[in-house]
Amino acid sequence: MRPESLAGLAATARAEVAAAVDLEGVEAVRLRYLARRDGELTVAAASIGRLPDQERGPMGRAFNAAKAEIEQALAERRSALLQTTRAQAAEAEWLDLSDPAVSLELGHLHPSTRIQREVEAIFAQLGYRVVEGPEVELDEVNFQLLNIPPEHPARDTQDTFYLTETLLLRTQTSPAQIRAMWAQPPPLRVITPGRVFRRDNPDATHFPMFHQVEGLCVDEGISFSDLKGTLEYFSRSMFGPDRAIRLRPSYFPFTEPSIEVDVSCFLCGGAGCRVCGSSGWIEILGAGMVHPQVLRNGRVDPDRYSGFAFGMGPDRIAMLKYGIADGRDLYENDLRFLRQI
Ligand code: PHE
């Protein structure tokens, strides 16, 4: 072994380092020449100690030079490769922060749902709890326990989808009154929103499925003036602080007395417009004092307790509030319609 062969070894190693395409390749070259036990340079150096004095010096210097040369080549190649990798990553992951953001498509609540939630929120403030009743109901609960026996004329106005002789799709949310009383003794304040079904042909104001929100309050000493105060509070919260209400006598089999409730038109303020039919009033709900027999059917003692109930249609309120002329629009899921509300 001569000093020149060490230089030759270093030259070969440098060429291999230059040819390495990645860091693993560079490391493989390092191991081939400089590995602690069997690197080619390491092995060559092992014999230096046994050389005669005058040869040992030049060989030692040649070894140091070769080692330094290879180490420098390795370091340079490593840093060159790292730089390329970083540059490639920067190019690949480049993000233009001035790019306009892609806008997300946001959904929103159906108009009827919105009204329903508003109603729930107002009554929640008065201590009402939201409960849901079944859409498939017993004839007994939907009608009979609400004082509507078979052959009762009230059944004519609620043409019914029967599933069996005793099971039907509820035609109103009022059966929830019975179920609420069964579920909990007075004092009782509940709001029941939900779908109801009637065999109506669709037109601008009828649909075979629509929504109702039912309310029921039962306690000792509940009077008609509580009903009136509650309705007034509700109307002002829902339709604005200037609204007045007007009660008209009506008839429902399960309330006595029964009323229909108008609110002064929230579009024209009562002056008269197309929506309120120039009367200045808009009918928004039916209500009344719960009939003693209905309390009894709910296992509530009418000698001790009394209550009031009311029912309204969020679809109708949505139509009035948002100026929807044809109620079918609410159910046909035309996105052009739904998006504008
Ligand atoms: N269920 C009645 C209807 O569908 C509305 C109503 C509810 C009336 C509660 C009085 C009390 O017309």
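In this text, all values refer to a predicted model and were calculated from it rather than measured experimentally. As a convention, each chain's residues are numbered from 1 in the sequence order in which they are written. Confidence filtering applies because this is a predicted model: local features only for residues at pLDDT of at least 70, side-chain atom pairs given and counted only at 80 or more, and all residues used for totals across whole chains, interfaces and linings. With hydrogens and water stripped out, all remaining heavy atoms of the structure feed into the side-chain values.

Right, let's talk about the sheet that holds strand β7 (residues 255-264) for a bit. Taken in spatial order, the 7 strands of this open sheet run β1-β4-β5-β9-β8-β7-β6, and their pairing is mixed. Strand pairing shows two members of the sheet lacking a second neighbour, β1 (129-130) and β6 (245-252), which therefore form its edges. Pairing between strands is defined by DSSP: at least two bridges between them are needed. Helix and strand definitions follow DSSP, with helices as H or I runs of at least four residues and strands as E runs of at least two, each counted in order from the N terminus. As defined by bridge partners, strand β5 (residues 209-219) adjoins strand β9 (residues 306-312) across 7 bridges and the pair is classed as antiparallel. Looking at the pairing, glutamate 214 lines up with glycine 311 of β9. Contacts were defined at the residue level, with two residues in contact if any of their heavy atoms lie within 4.5 Å. The axes used here are C-alpha line fits, helices contributing only the stretch in contact, and every angle between their N-to-C directions lies in the interval 0 to 180 degrees. The sheet strands contacting helix α7 (residues 175-183) are β4 (188-197), β5, β8 (281-290) and β9, and the helix crosses β5 at an angle near 40°.

Our focus in this paragraph is the pattern of salt bridges. Just to be clear on terms, a salt bridge is a Lys or Arg side-chain nitrogen sitting within 4 Å of an Asp or Glu carboxyl oxygen. The tally for this structure, following the rule as stated, stands at 15 salt bridges. Among the salt bridges present, the one from arginine 30 reaches glutamate 27, with a minimum N-O distance of 2.9 Å. Here glutamate 27 and arginine 30 lie together in helix α2 (residues 23-34), a separation of 3 residues that amounts to about one turn. Burial status follows relative accessibility: with a 1.4 Å probe on protein chains alone, a residue under 20% of its type maximum counts as buried, one over 50% as exposed, and anything between as partly exposed. Of the residues examined, arginine 30 reaches a relative accessible area of 27% and is grouped as partly exposed. Taking the relative accessible area as the measure of exposure, glutamate 27 reaches 30% and is therefore partly exposed. Taking the shortest distance from any N to any O, the salt bridge between lysine 321 and glutamate 118 comes out at 3.3 Å. Taken as a pair, lysine 321 in helix α10 (residues 314-322) and glutamate 118 in helix α5 (residues 111-125) lie far apart in primary sequence, 203 residues in all. Residue lysine 321 is classed as partly exposed on the basis of its relative accessible area, which comes to 33%.

Counting 32 residues, the largest nonpolar core has Phe234, Leu285, Phe310 and Met312 as the members making the most contacts within it. The set of elements that each furnish at least two residues to this core consists of α5, β5, α8 (224-239), β7, β8, β9 and α10. Here leucine 285 is in contact with Leu231, Phe234, Ile259, Glu260, Val261, Phe310, Gly311 and Met312, once residues within four sequence places are set aside. In plain words, nonpolar cores are sets of buried Ala, Val, Leu, Ile, Met, Phe, Trp, Tyr and Cys residues tied together by side-chain atoms within 4.5 Å. One finds Ala20, Val26, Leu34 and Ala45 within the second-largest nonpolar core, a separate group that totals 23 residues.

What follows deals with the packing of aromatic side chains. Note on aromatic contacts: the rings of Phe and Tyr and the six-membered ring of Trp form a pair at centre separations within 6.5 Å, being stacked when their planes are under 30 degrees apart, edge-to-face when over 60 apart, and tilted otherwise. On inspection of all chains with the given rule, the structure shows 8 aromatic pairs. When the centroid spacing of 5.2 Å and the interplanar angle of 25° are considered together, the rings of phenylalanine 123 and phenylalanine 234 count as stacked. On the criterion of sequence distance, the pair formed by phenylalanine 123 in helix α5 and phenylalanine 234 in helix α8 is long-range, its members being 111 residues apart. Of the two residues examined, phenylalanine 123 and phenylalanine 234, each falls in the buried class. Among the aromatic residues, those joined into a ring-pair cluster are Phe123, Tyr128, Phe234, Phe239, Phe266, Phe308 and Phe310.

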